[in-house]
Structures are given as structure tokens and as C-alpha cells.
Amino acid sequence: MEHFQTRSSMKITPKVSRSQESAISSFFNESRIIQDWSIFNYEEIPGERKRLDLENEISEGVEAELEGSEEKEKDDDETEQDGDIEDSEKLDDITLNRSQLARSRANNLPELLLMGRCNVGKSSLINALLTNNRQNVKTYAKVRQRAGYTLCLNFYNIGGMFRIVDSPGYGQKGKQWQGELVFQYLQNRRVMRNCYLMLDSKVGLNQYDELIINNLVQLGVPFDVVFNKIDKIPNGHEIEHLENLIDNSILAELKIQPRYYFVNSVDTSKGIGYRSGISELRLGMIESCGLSVNRKSLRPVKRSREAEEKLKRRKLKNVKMIVNTPKD
Ligand SMILES: Nc1nc2c(ncn2[C@@H]2O[C@H](COP(=O)(O)OP(=O)(O)OP(=O)(O)O)[C@@H](O)[C@H]2O)c(=O)[nH]1
Ligand SMILES: [Mg+2]
């Protein structure tokens, strides 16, 4: 993607060296990938309801303590002993809850959220990130031409190291409850390290995208921008087109500039190559999770032989389908 990295004022995608590229693709190739959860309601995320309750309890406890300390000053001698007992009981409660928290932390891997308008290609990008074949195999996330296909939050566990979260799209086909679910996630999910806002390279930004960007800025959510479907821009005009898109949108006004990624997520006849920009995005994702591309840092739970076979069978089936298609 070197030809997209010319603009000096833009925070461009990180450059991927050959050795990084091979380490990154082995990581994604070898990692065991599991779809951990499909969530329709924010509190269904395991451990999240407890954590929210605990947070409330602690903040209520702190408030009560502050109020109590004012009264205590008034009548110090009399209540000293009782107060000590109460304090130590409260401390026990918190210690117990903290150990519960530590247990649930093992389940709380860093997370990265993909969001964007309906049909922008979020689920296709998940498949491109998680598979390494040349066919357009719809291995993990379900993809359809019909907008509004992904209904809920889907969590993909990558080798026990982090999770990528697919979300339902916003815009005309998006439903209000889905928007609320995504924003509840953004506001509450402590382990979310970065959000990737997907935009359509050809269509550019519309009023929904601008609204979402404003909301992300207001909430202080860290986010980067992924321009998808770059194959739809006429050959040779990519840089000019994308620079114009950025310059003439709310993106140019952002005080903290996001990183920009330029990708295509499905196989196209355009010859710019399947998965353009995918290695750069994979690297950015790994780094956002606080990991670096070396053997010490990237030690995923590996795929089982059985899972490899299953994946291979799916690829073969896909090849057969392509071979059997009449040529004209
Ligand atoms: N040309 C081209 N088409 C793409 C690309 N990425 C996705 N598509 C197509 O766009 C359509 C929608 O893709 P999805 O991945 O289902 O989009 P989504 O954002 O997950 O959609 P919702 O779940 O409905 O919000 C499908 O027909 C994909 O094949 C791309 O990079 N280039
Ligand atoms: Mg989808």
C-alpha cells in the first residue's frame, strides 16, 4: 500500500516490513479463532453485569464514607470503635470482590470494535483479517449484500490474545436498539482499546457518519478510520480521491487525527490484490492491544489439527464451487 502513503499531514498507516508481515500472518494463521459471544444486550457480556454492580457499590460506598466522615468529626470519641469494625467489614467486602474481579479479568482480553454504516463491509473485513486464503471464503462472519445483516455484537477471540468485535451497522437500515447497544459498549467496556470506524471509499461520509464521529469525539473514544472498498475507485486516482474525501469532511477538522487505513476486503477483479491494506491494519490492531510483533509478545493459543482440517475442507469446497461455475 506504499502508493497510499504520500500525504505528510495525515497520520498514515504503519509501514509493515517483510519480517513483520510474515510474523503477523503466521500469528493470524496459527491462532485458534473462536466466536466467544453474540450479544443482544450489553449486560449479557460475561462478568460485565457484576463489574457494573461492583463499580456502583464502590462509588456509593465512597459517597457514604465521605458523608459519614463529616458526622464522625462531630462525635469522634463515641463512635470510634464501632466505625473501625464497620470499616474493616467494608474492606473485607471489597477484598472479596477484588479477587472475583481478578478472576473475571482473565476473561477480559483487550478488545477492538469495528463499527460503520450498514453494508460498509465490517463482516467482510473480519473474514479478511482472520483468514489467509485467496478465495473469498466467508469463514467466520456472515456477509450479505443486504444491508443490516449483522444483528448484534459478535466477539471473535484471536488466539486467546485479544478480541475483535463485529457490530451491527448504523444508518437507514440500522435499528435504534442496535445503536444503543453499540454506544453502551463504547461507554462502558473498559477493555476496549480502540475502535475502527469503517467508511466507504467510493461513497464517502454521509450525515450518519459525521454524527457518529461527533459522538466518538464527545465521549473521548479512541478511534481510527478504515476506508473500505478501495477497489471501487478508478485505478490511479486513489490518492487524490481519498485525500479529497478527508479534506472535505469533518475528518479534516479533528484536533487529534486518527490513523487512516485503506483496504479492500473481498476478492475483486481489479488486480490490486485481495486484502490490500490488511497487513497494515493487522499490525495497527496488534499494537493497539499493547502487543508487539515478536515471538515473546505474540504467543497465541494455536489452532487444533481438527480445526485446521475443517478450515481446509471449507476452502476446498469453495474452490470446487468456483471451478464448477460455467465460464460465460
Ligand atoms: N467491492 C467490494 N465489495 C465489498 C468489500 N467489502 C465488502 N464488500 C461487499 O459489501 C457487501 C456488504 O458486506 P458486509 O461485510 O456484509 O457489510 P457489513 O458492514 O457487515 O453489513 P451489515 O452487517 O449489514 O451492517 C457484501 O456484498 C460484500 O461482498 C470491498 O472491499 N470491496
Ligand atoms: Mg455485518
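Residues numbered from 1 in each chain as written. Chains lettered and ligands numbered in written order. Predicted model: local features only at pLDDT ≥ 70, side-chain atom pairs only at ≥ 80, totals over all residues. Heavy atoms only, no water.

**Q** Could you clarify how one ought to interpret the coordination of the magnesium ion (ligand 2) in this entry?
**A** For a metal bound by four donors in tetrahedral geometry, the ideal donor-metal-donor angle is 109.5 degrees, whereas six donors in octahedral geometry ideally sit at 90 or 180 degrees. Protein-derived coordination of the magnesium ion (ligand 2) comes from Ser-123 (OG) and Thr-150 (OG1), at a distance range of 2.0 to 2.1 Å. Here Ser-123, found in helix α4 (residues 122-130), pairs with Thr-150, found in the loop between α4 and β4 (153-158); they are 27 residues apart in sequence, far enough to count as distant. Judged on exposure class, the residue Ser-123 and its partner Thr-150 are both buried. (Donors = N, O, S within 2.8 Å, 3.2 Å for Na, K, Ca; no water. Helix = DSSP H or I, 4+ residues; strand = E, 2+ residues; numbered from the N terminus. Buried < 20%, exposed > 50% of the residue type's maximum accessible area, 1.4 Å probe, protein only.)

**Q** Can you walk me through the layout of surface pockets in this structure?
**A** The gaps of empty space that remain are located by a probe, the size of a water molecule, rolled over the atoms. Counted as a void, the largest pocket has a volume near 550 Å³. As for the largest pocket, its lining consists of 31 residues, of which Asn-119, Gly-121, Ser-124, Val-143 and Arg-144 are closest to the centre. No other element matches the four residues that α4 contributes to the lining of the largest pocket. Taken together, the residues of the lining of the largest pocket sort by class into eight nonpolar, 15 polar and eight charged. (1 Å grid on protein atoms, 1.4 Å probe; cavity = no way out; pocket = protein on both sides within 12 Å on 5 of 7 lines; lining within 4 Å. Points joined across faces, edges and corners; volume = space filled by probe spheres on them. Nonpolar A, V, L, I, M, F, W, Y, C, P; charged D, E, K, R; others polar.)

**Q** Where do I start with the pattern of salt bridges in this structure?
**A** Side-chain pairs of opposite charge can arise whenever the charged atoms involved come near each other. Applying the stated criterion across every chain, the model contains ten salt bridges. Across the salt bridge formed by Asp-36 and Arg-163, the nearest N and O atoms sit 2.7 Å from each other. Separated by 127 residues along the polypeptide, Asp-36 in strand β2 (residues 33-39) and Arg-163 in strand β5 (residues 162-166) bring together distant segments of the chain. Look at Asp-36 and you get partly exposed, because its relative accessible area is 26%. Glu-111 serves as the salt-bridge partner of Arg-163, at 3.7 Å between the closest nitrogen and oxygen. With Arg-163 in strand β5 and Glu-111 in strand β3 (residues 111-116), this residue pair connects regions lying 52 residues apart in the sequence. A single network of salt bridges, built from pairs that share partners, joins Asp-36, Glu-48, Arg-51, Glu-55, Glu-111, Arg-163, Arg-189 and Arg-190. (Salt bridge = Lys/Arg side-chain N within 4 Å of Asp/Glu carboxyl O.)

**Q** Please explain the packing of α4 against helix α8 (residues 278-288) as it appears in this structure.
**A** Two quantities define a packed helix pair, namely the angle between the helix axes and the distance between the axes. Taken N-terminus to C-terminus, the directions of α4 and α8 make an angle of 85°; their axes are 10 Å apart at the nearest point. The pairing of α4 with α8 is recorded here as roughly perpendicular in orientation. Touching Leu-125, Ala-128 and Leu-129 of α4 are Ile-278, Leu-281, Arg-282 and Met-285, all from α8. (Axes fitted to C-alpha atoms, helices over the stretch in contact; angles between N-to-C directions. Parallel < 35°, antiparallel > 145°, perpendicular 65-115°, else oblique. Contact = heavy atoms within 4.5 Å.)

**Q** Hey, could you run me through the confidence of the model for the protein chain in this one?
**A** Low-confidence regions, as indicated by low pLDDT, have predicted coordinates that should not be scrutinised in detail. Across the protein chain, the average pLDDT comes to 81, with 75% of residues at or above 70. In the model, residues 1-6 has pLDDT below 50 throughout and makes 19 contacts with residues more than four positions away in sequence or in other chains. (pLDDT = per-residue confidence, 0-100.)

**Q** In this structure, what is going on with the environment of Ser-31? I would like to understand it.
**A** Topologically, Ser-31 is positioned in the loop between α1 (18-30) and β2. Judged by relative accessible area, which is 0%, Ser-31 ranks as buried. Taking the C-alpha atoms as reference, Ser-31 lies 9.2 Å from Ser-304; in sequence the two are 273 residues apart. Among all residues touching Ser-31, those that are not within four sequence positions of it are Ser-26, Ile-158, Gly-159, Pro-300, Val-301, Lys-302 and Arg-303.

**Q** Before we go on, may I ask you to explain a negative patch on the surface in this structure?
**A** A cluster of like negative charges, contributed by Asp-53, Glu-57, Glu-60, Glu-63 and Glu-67, occupies part of the molecular surface. Structurally, the position occupied by Glu-63 is in helix α2 (residues 48-74). (Patch = residues over 30% accessible without salt bridge, like charges linked within 9 Å, V, L, I, M, F, W, Y side chains within 5 Å. Areas by Shrake-Rupley, 256 points an atom, 1.4 Å probe, with all protein chains shown as cover. Lys, Arg positive; Asp, Glu negative; His and termini not counted. Charge placed at Lys NZ, Arg CZ, Asp CG, Glu CD.)

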